[in-house]
Amino acid sequence: MWRGKANNRVVTIKFKTMKKVILSMAIIAAVGMTSCKNEAKKETKATTESLEEMAMSKATFGVRGNCGMCKKTIEKAAKSVEGVSNANWDVDKKKIDVSFDDTKADITAIHNAIAASGYDTEKSTGNDVAYKELPACCKYDHTMEMSIEE
Ligand SMILES: [Cu+2]
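For the structure given in this document, a descriptive report is provided here. For clarity, every value in this text was computed on a predicted model and none was experimentally measured.

### Focus: the pairing of strand E3 (residues 95–101)
Thinking step 1. Of the strand pairs in this sheet, strand E1 (residues 56–62) and E3 are connected by seven bridges, and their pairing is antiparallel. The residue of E3 that forms the bridge with Lys 58 is Ser 99.
Thinking step 2. Sheet analysis places strand E2 (residues 84–90) next to E3, joined by six bridges and oriented antiparallel. Residue pairing in the sheet places Ala 87 in a bridge with Val 98 of E3.
Thinking step 3. In sequence, E2 turns back onto E3 through a hairpin of four residues, with Lys 94 there showing a positive phi of about 55°.

Okay, structure coming up:
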């Protein structure tokens with residue numbers, strides 16, 4: 001009887017200790033998993049960023065136009081194409097620099113978007129209806145030289 005009780009107590013103590021050990025192991029495992037998850041997330045983010053960099057393309061091509069208002073219209077049209085991150089039209093050189101994600105946008109789509117806004121590019125003729133709606137100062141000469149090199 002006495003021994004049995006003592007043994008039971010020992011067993012109970014051992015069981016409590018085991019519970020504690022299991023609990024702390026679980027906590028350690030949980031913490032470990034959380035930090036692993038964070039690391040995995042960071043790695044994924046870095047990979048995505050480098051892929052985005054690799055997919056970034058730049059292009060320069062001629063676009064006819066006259067003034068600052070033309071610049072706004074041309075750049076807005078170029079940027080309306082999904083994947084285009086930057087567009088800068090040069091009023092003197094009559095050309096545009098575009099940066100775009102070539103997995104989302106292609107160069108032809110950018111030419112077409114600018115042409116749809118009424119402006120001639122090297123590859124596409126400006127839409128007539130859009131051209132007629134341009135302010136008087138923007139009605140550029142269709143024979144104007146573009147992509148002027150200095
Ligand atoms: Cu203009």
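### Describing the environment of Ile 74
Thinking step 1. Examined against the element boundaries, Ile 74 turns out to sit in helix H2 (residues 68–79).
Thinking step 2. On the basis of neighbour count, Ile 74 is assigned to the buried category, with 25 C-beta atoms found within 10 Å.
Thinking step 3. Once the C-alpha coordinates of Ile 74 and Asn 88 are considered, the two residues, 14 residues apart in sequence, prove to be 8.7 Å apart.
Thinking step 4. Setting aside residues no more than four positions away along its own chain, Ile 74 makes contact with Val 63, Gly 65, Trp 89, Ile 96, Ile 114, Ser 117 and Tyr 119.

### Looking at helix H3 (residues 107–116)
Thinking step 1. Every buried residue belonging to H3 is among Ile 110, His 111, Ala 113, Ile 114 and Ala 115, and all of these are buried.
Thinking step 2. On the buried face of H3, the contacting elements are H2, E2 and E3.

### Regarding unusual backbone geometry
Thinking step 1. Even without glycine at this site, Lys 94 takes up a positive phi of about 55°.
Thinking step 2. Topologically, Lys 94 is positioned in the loop between E2 and E3.
Thinking step 3. Although it is not a glycine, Ser 147 adopts a positive phi angle of roughly 55°.
Thinking step 4. When you line up the elements, Ser 147 lands in the segment after helix H4 (128–132).
Thinking step 5. With 16 C-beta atoms counted inside 10 Å, the residue Ser 147 sits in the partly exposed group.

### A short note on the nonpolar core
Thinking step 1. Ranked by size, the top nonpolar core spans 20 residues in total, and within it Ile 74, Ala 78, Val 84, Ile 96, Val 98, Ile 110 and Ile 114 carry the most contacts.
Thinking step 2. Not counting residues up to four positions away in its chain, the partners in contact with Ile 110 are Ala 78, Val 81, Val 84, Val 98, Phe 100 and Ala 105.

### Focus on the sheet that holds E1
Thinking step 1. Ordered in space as E1-E3-E2, the three strands form an open sheet in which the pairing is antiparallel. Only two strands of the sheet have a single neighbouring strand rather than two, namely E1 and E2. The sheet shows a mean angle of 15° between the axes of neighbouring strands, taken without regard to direction.

### Here we look at H2
Thinking step 1. Its twelve residues place the ends of H2 16 Å apart at the C-alpha level, agreeing with the 16 Å of an ideal helix rising 1.5 Å per residue.
Thinking step 2. Every buried residue of H2 is accounted for by Cys 70, Thr 73, Ile 74, Glu 75, Ala 77 and Ala 78.
Thinking step 3. Of the surrounding elements, those touching the buried residues of H2 are E2, E3 and H3.

### Some words on the environment of Asn 127
Thinking step 1. Relative to the helices and strands, Asn 127 resides in the loop between H3 and H4.
Thinking step 2. Exposure remark for Asn 127: the 17 C-beta atoms within 10 Å place this residue in the partly exposed category.
Thinking step 3. Taking the C-alpha atoms as reference, Asn 127 lies 9.8 Å from Ala 113; in sequence the two are 14 residues apart.
Thinking step 4. Those residues in contact with Asn 127 that sit more than four places away from it in its chain are Ala 115, Ala 116 and Gly 118.

What counts and how
Residues numbered from 1 in each chain as written. Predicted model: local features only at pLDDT ≥ 70, side-chain atom pairs only at ≥ 80, totals over all residues. Pairing = 2+ DSSP bridges. Helix = DSSP H or I, 4+ residues; strand = E, 2+ residues; numbered from the N terminus. Buried ≥ 20, exposed ≤ 12 C-beta atoms within 10 Å, placed from the backbone. Contact = placed C-beta atoms within 7 Å. Core = buried A, V, L, I, M, F, W, Y, C linked by C-beta atoms within 7 Å. Axes fitted to C-alpha atoms, helices over the stretch in contact; angles between N-to-C directions. Expected span 1.5 Å × (residues − 1).

So, to be careful, I would describe these as geometric facts and stop short of saying anything about function.
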